[in-house]
Structure formats: C-alpha cells, structure tokens
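Secondary and tertiary structure notes
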Amino acid sequence: DYIFDVIIFGPTNANFITYRFFCDLSNQLGFAESICVTEMPFIIQNINVEGQINILVWTCITAGFILAFPYILLQLWNFISPALYENERKYAKLFIFIASFLFFTGVLFGYFVVVPMSVNFFATFKVSDVVENQFSFDSYIGMIKTAVIASGLFFELPVIIYFLTKLGLVTPKFLRDYWRYA
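What comes next concerns the included structure. Every value quoted in this text rests on a predicted model; they were computed, and no experiment measured them.

1. Notes on the overall build of the protein
Check the secondary structure of the protein and you find nine helices and two strands. Traced from its N-terminal end to its C-terminal end, the protein shows the element sequence α-α-β-α-α-α-α-β-α-α-α. Relative to the compact-globule value of 16 Å for 182 residues, the protein shows a C-alpha radius of gyration of 21 Å, a clear excess of over 25%. For the protein, the C-alpha atoms occupy an extent of roughly 65 × 45 × 25 Å along the three principal directions. Relative to its 182 residues, the protein shows a buried fraction of 30%.

2. A closer look at the layout of surface pockets
A volume near 660 Å³ is recorded for the largest pocket. Considering the residues around the largest pocket, the lining is formed by 20 residues, among which W77, F95, Y162, F163 and K166 are closest to the centre. Looking at the lining of the largest pocket, the elements that each hand over two or more residues are α4 (69–80), α6 (92–124) and α8 (157–166). Tallying contributions element by element places α8 first for the lining of the largest pocket, with six residues. Its residues assigned to classes, the lining of the largest pocket shows 17 nonpolar, no polar and three charged. What the second largest pocket holds in volume is close to 440 Å³. Together, 16 residues line the second largest pocket, and I7, I8, A63, I66 and V148 are the ones closest to its centre. At five residues, the largest contribution of residues to the lining of the second largest pocket is made by helix α3 (residues 51–67). Taken together, the residues of the lining of the second largest pocket sort by class into 13 nonpolar, two polar and one charged.

3. Details of the nonpolar core
The biggest cluster of nonpolar side chains holds 34 residues, and the ones touching the most others in it are M40, F95, V119, Y140, I141, I144 and V148. For this core, the element with the highest residue contribution is α6, accounting for eleven residues. Aside from chain neighbours lying at most four places away, what touches F95 is L73, W77, V159 and F163.

4. Notes on the state of the cysteines
One pass over the structure, following the stated rule, counts one disulfide. Across the disulfide from C23 sits C36; the S-S distance is 1.9 Å. Sign of the S-S torsion, about 80° for the bond between C23 and C36, identifies this disulfide as right-handed. One end of the pair, C23, is in helix α2 (residues 17–28); the other, C36, is in the loop between α2 and β1 (43–45), with 13 residues separating them in the sequence. Both residues of the pair, C23 and C36, belong to the buried class.

5. Thoughts on the environment of V113
Here V113 is to be found in helix α6. Taking the relative accessible area as the measure of exposure, V113 reaches 29% and is therefore partly exposed. For the pair V113 and Q75, spaced 38 residues apart in the sequence, the C-alpha separation amounts to 30 Å.

6. Here's the deal with the side chain of T62
In this fold, T62 is placed in helix α3. Apart from the residues within four sequence positions on either side, T62 is in contact with K145 and I149.

7. Considerations on the environment of N27
On the secondary structure map, N27 appears in helix α2. Each C-alpha atom, one on N27 and one on I8, is 28 Å from the other, the two residues being 19 residues apart in sequence. Those residues in contact with N27 that lie beyond four places of it in its chain are A32 and E33.

8. A short note on the packing of aromatic side chains
How two aromatic rings sit relative to each other is given by the distance of their centres and the angle of their planes. Taken as a whole, this structure holds 21 aromatic pairs when the rule is applied. With a centroid separation of 5.9 Å and 75° between ring planes, the pair formed by F65 and F69 is classed as edge-to-face. Note on F65: relative accessible area 31%, which makes it partly exposed. Centre to centre, the rings of Y111 and F112 are 4.9 Å apart; their planes meet at 80°, and the pair counts as edge-to-face. Taken together, the aromatic side chains of F4, F9, F137 and Y140 make up a single cluster linked through ring pairs.

Each value, and the rule that gives it
- Residues numbered from 1 in each chain as written.
- Predicted model: local features only at pLDDT ≥ 70, side-chain atom pairs only at ≥ 80, totals over all residues.
- Heavy atoms only, no water.
- Helix = DSSP H or I, 4+ residues; strand = E, 2+ residues; numbered from the N terminus.
- Rg over C-alpha atoms; globule rule 2.2 N^0.38 Å.
- Buried < 20%, exposed > 50% of the residue type's maximum accessible area, 1.4 Å probe, protein only.
- 1 Å grid on protein atoms, 1.4 Å probe; cavity = no way out; pocket = protein on both sides within 12 Å on 5 of 7 lines; lining within 4 Å.
- Points joined across faces, edges and corners; volume = space filled by probe spheres on them.
- Nonpolar A, V, L, I, M, F, W, Y, C, P; charged D, E, K, R; others polar.
- Core = buried A, V, L, I, M, F, W, Y, C linked by side-chain atoms within 4.5 Å.
- Contact = heavy atoms within 4.5 Å.
- Disulfide = S-S within 2.5 Å.
- Phe/Tyr/Trp six-rings, centres within 6.5 Å; stacked < 30°, edge-to-face > 60°.

What follows is the structure in structure tokens.
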C-alpha cells in the first residue's frame, strides 16, 4: 500500500512536496500563485483485466533493479576485473560507490523533479475542452518508470565519460571544444 499510495501516486496529489516547493518559490520570487498546483484534473483507470497484477509485478521488478543497482555493478565489476591490472582493480569500491551514488541521485531527481513536472504538464494539457484526461494505469506507471530509470542512467554519464577518457576515445580538449553540444 505504501509503495503505491504514497510513492507512486504521490505526484498525483496537489499537496506533493515538489508542488509545494515550487509554489513557495514562486511566492518568494513575486510570481504570486502562477505556478502553484491546486488540483490534478485527471483520473487513473485500469482498463485491462490483468492490468493491476501486471503493474504490481513490474513495479516489484523495477524497485528490485533500483535497490539492487550497487550489487549489479559489483557483479559487472567482478566480470570485468580479471582483465585489468592490479592497480586498476583497487578502485572497484570507489567505482561502485560513485556509480551507485550517481544512480540513486538520478532516481531521486527523476522522482522529485521530472515526474511531478510531467504529471502536472500532462494533467493540465488540453488540445480542446472537449477532450477529458483519463490516463490508463499502465500508461501512468510506464511514465514514472521511464522517468526514474532514465534519470538514474543519465546521471551515470560522468562515469561513462571518465572511462571513455581513460580509453582515449574522448580527450579533455574534445570535451572543452564541444561542451555546447553536450
């Protein structure tokens, strides 16, 4: 109940912490209540017979992936490390810590920034007053899952760039010259 009612459906509540933060910030900056979220004009519905059980199973798998990410990295490192020299292997704990920290930071960013902004945008966007927003349960969960996992993986880019630099595929000069494209 906690995972679904508080975590997953938290961004559907106008009292969610991110909405309150942006409302307080807009008041302090003198924008009055221009970006305050007061209601979420949509409903979430299940339209598939097996929809709720499928969502429960895939939510457990996704949560398991997120929570097991340090262990997954450790297993990946154990696979790669025999091909490395001893001085390269000594950085394994640091690598796992930094990569896990970046991933969890990305997951939190996705949940507390990307998801609330997406929910608010999609809930209030209308091409016409004739169309009413009714999101399927599967679509809502898919959006949350994609935003959270993708943000976690995007936050791994510093680790990827580090290894590309170590392999000589990317140089500091290249990064300086093309930083605008990044």
